[in-house]
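The chain contents come next:
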Amino acid sequence: MRRNIRINNYVLIITALISIGHPFADASPLGFPPLPFIRGGSATTATKTRTTKQQHQRQRRQRKTGGPIPGPLKLVGNVKQGLDKIGGYIQNDWKKISKGMQTVQGNIGKFVVNIPKALPFLPPRKRQLKCSKLDDVCKTFSACLKGSEVDTAQLIKACRTHLIFMKSGGSSLRLVAKDLESNLQKAEKPFKKSPKQGKTLSSLLESEREAGIHQGNVLKEQSAAMGLLWIRRSLAFQLDLYSSLIAQNGPHPRDAAYEAYSKHLSPFHGWALRKVFPASLSQMPDRQAFIAKFGGVSLEELNDEYDREIVKKLKSLVAAWDPLLSTWEKDFARLDLEDMRKV
């Protein structure tokens, strides 16, 4: 009886060990020894059996998928695919943002351009006049007259400044400017030889007359007196022309130029010059073009305010010329150097 009970206990223990297998291996915390006398009862054998089975299963899966993919590489591939998708989304969004910015910029540009139209009550921005040449002419000629004498050095300087101003006036004054430049060279050469002796206009004229280079009132062609005589006539012509520009309702500059030419230059021109000069004066523009040119603005920019400012400067120039030319003419008459010959 006891023998049977003992046998049954052994059977139960063996059955339990066979059932749980691996927990009773060498690494088991319970420390049961392996049972090599039982087939399949060893923990090592059970582990190998399961490992072999798992390897077979992995091999079957690999054959289906085309080969093994190591775990880390598979993770990197998934991350790269995710980043590529994110990059694509960013590119698409950036294109939309850029297109939106271009639209906004275009709308802002249209808005800025249309501000003057939308706000007509705002005054236009005033542009500063570029009358530096005209200002220089007024300033230099105003300093020529010293009491009852004309300062020769200042007069030559003023004529040089005026020559630059005339050349900026367009083609209509080109021939007048060329004639002025030629006569200015005649006046400069004798003065540079003896500036002290020709300090004033009258002293310069007297020195030439006393030198005997003239024959009475028949002046030597290459002399200061001949050059200054024709410069004075040219400035008298321009004085009348510029005076006509002061009034807005005055005659056309072309008509004013013809009249001034007939009065100051034509009596001393021969047949050829009387044909050439009027032809060049026929190119005179209208008053607005002259005023805009003298003021350094375009016709579109010329307005009443600019017109008044430029005319004010022209008045100053005419006011400086009037007494200067009068004294100039008196000096020639007093020394009997008014050459009336035609050229």
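Residues numbered from 1 in each chain as written. Predicted model: local features only at pLDDT ≥ 70, side-chain atom pairs only at ≥ 80, totals over all residues. Heavy atoms only, no water.

Caption draft 1: The arrangement of the overall build of the protein in detail. When helices and strands are tallied, the protein shows 13 helices and two strands. For the protein, with 343 residues in total, the buried portion stands at 34%. If you take every contact in the protein between residues at least 6 apart in sequence, the share linking residues at least 24 apart comes to 69%. For the protein, the exposed surface amounts to about 22,200 Å²; the carbon and sulfur share of it is 57%. (Helix = DSSP H or I, 4+ residues; strand = E, 2+ residues; numbered from the N terminus. Buried < 20%, exposed > 50% of the residue type's maximum accessible area, 1.4 Å probe, protein only. Contact = heavy atoms within 4.5 Å. Areas by Shrake-Rupley, 256 points an atom, 1.4 Å probe, with all protein chains shown as cover.)

Caption draft 2: Quick look at the pattern of salt bridges. Inspection of every chain in the model, using the stated rule, returns 10 salt bridges. Of the charged contacts, one joins Glu-181 and Lys-167 as a salt bridge, the two residues approaching to 3.7 Å between their closest N and O atoms. On the criterion of sequence distance, the pair formed by Glu-181 in helix α7 (residues 174-193) and Lys-167 in helix α6 (residues 152-167) is long-range, its members being 14 residues apart. Judged by relative accessible area, which is 51%, Lys-167 ranks as exposed. For Arg-233, the salt bridge identified is with Glu-338, shortest N-O distance 3.7 Å. Here the residue Arg-233 occupies a position in helix α9 (residues 224-246), and Glu-338 occupies one in the segment after α13 (304-334), the gap between them amounting to 105 residues. Three or more residues are tied together by salt bridges with common partners; here these are Glu-206, Asp-331 and Arg-334. (Salt bridge = Lys/Arg side-chain N within 4 Å of Asp/Glu carboxyl O.)

Caption draft 3: Looking closely at the side chain of Asp-339. The residue Asp-339 is located in the segment after α13 in this model. Residue class for Asp-339 comes out buried when judged on its relative accessible area of 4%. Among the polar contacts listed, one links the side chain of Asp-339 to the backbone nitrogen of Leu-219, at a separation of 3.0 Å. At 2.8 Å, the side chain of Asp-339 and the side chain of Arg-341 are in polar contact. (Polar contact = N/O pair within 3.5 Å; in protein donor to acceptor, adjacent residues only side chain to side chain.)

Caption draft 4: Local environment of the packing of aromatic side chains. Within this structure, the stated rule accounts for seven aromatic pairs. Seen in terms of ring centroids, Phe-141 and Trp-321 are 5.7 Å apart; in terms of plane orientation they differ by 80°. Their pairing is edge-to-face. Note that Phe-141 is positioned in helix α5 (residues 132-142) and Trp-321 in helix α13, a separation of 180 residues in sequence. Phe-141 gets classed as buried once you look at its relative accessible area, which sits at 1%. Of the residues examined, Trp-321 reaches a relative accessible area of 0% and is grouped as buried. Centroid distance Phe-165 to Phe-294: 4.8 Å. Interplanar angle 35°. Geometry classified as tilted. Residue Phe-165 is located in helix α6, and its partner Phe-294 is located in helix α12 (residues 287-295); the two are separated by 129 residues in the primary sequence. Each of the two residues, Phe-165 as well as Phe-294, counts as buried. The rings of Phe-141, Phe-165, Tyr-242, Phe-290, Phe-294 and Trp-321 are connected pair by pair, giving a single aromatic cluster. Lying over the aromatic face of Trp-230, Arg-233 brings its terminal NZ or CZ to 4.7 Å of the ring centre. (Phe/Tyr/Trp six-rings, centres within 6.5 Å; stacked < 30°, edge-to-face > 60°. Lys NZ or Arg CZ within 6 Å of the ring centre and 35° of its normal.)

Caption draft 5: Focus on α7. Here α7 is 20 residues long and its end C-alpha atoms lie 30 Å apart, about the 28 Å a rise of 1.5 Å per residue gives. Within α7, the full set of buried residues consists of Val-176, Ala-177, Leu-180, Asn-183, Leu-184, Lys-186, Ala-187, Glu-188, Pro-190 and Phe-191. In this structure, the buried residues of α7 make contact with α6, α8 (201-210), α9 and α11 (271-281). (Expected span 1.5 Å × (residues − 1).)

Caption draft 6: Structural context of the side chain of Glu-208. Of note, Glu-208 is situated in helix α8. The side chain of Glu-208 is buried and forms no salt bridge, while Lys-220, the nearest opposite charge, is found at 7.9 Å. (Lys, Arg positive; Asp, Glu negative; His and termini not counted.)

Caption draft 7: Region of interest: the packing of α9 against helix α10 (residues 253-264). Two numbers describe how α9 lies on α10: the axes approach to 9 Å, and their chain directions differ by 150°. On the basis of the axis angle, α9 is roughly antiparallel to α10. The handedness of the crossing between α9 and α10 comes out as right-handed. Contacts between α9 and α10 involve Arg-233, Ala-236, Phe-237, Asp-240, Leu-241, Ser-244 and Leu-245 from the first element and Pro-253, Ala-256, Ala-257, Ala-260, Tyr-261, Lys-263 and His-264 from the second. Broken down by class, the residue content of the contact of α9 with α10 amounts to nine nonpolar, two polar and three charged. (Axes fitted to C-alpha atoms, helices over the stretch in contact; angles between N-to-C directions. Parallel < 35°, antiparallel > 145°, perpendicular 65-115°, else oblique. Left-handed = near helix turned anticlockwise from the far one by under 90°. Nonpolar A, V, L, I, M, F, W, Y, C, P; charged D, E, K, R; others polar.)

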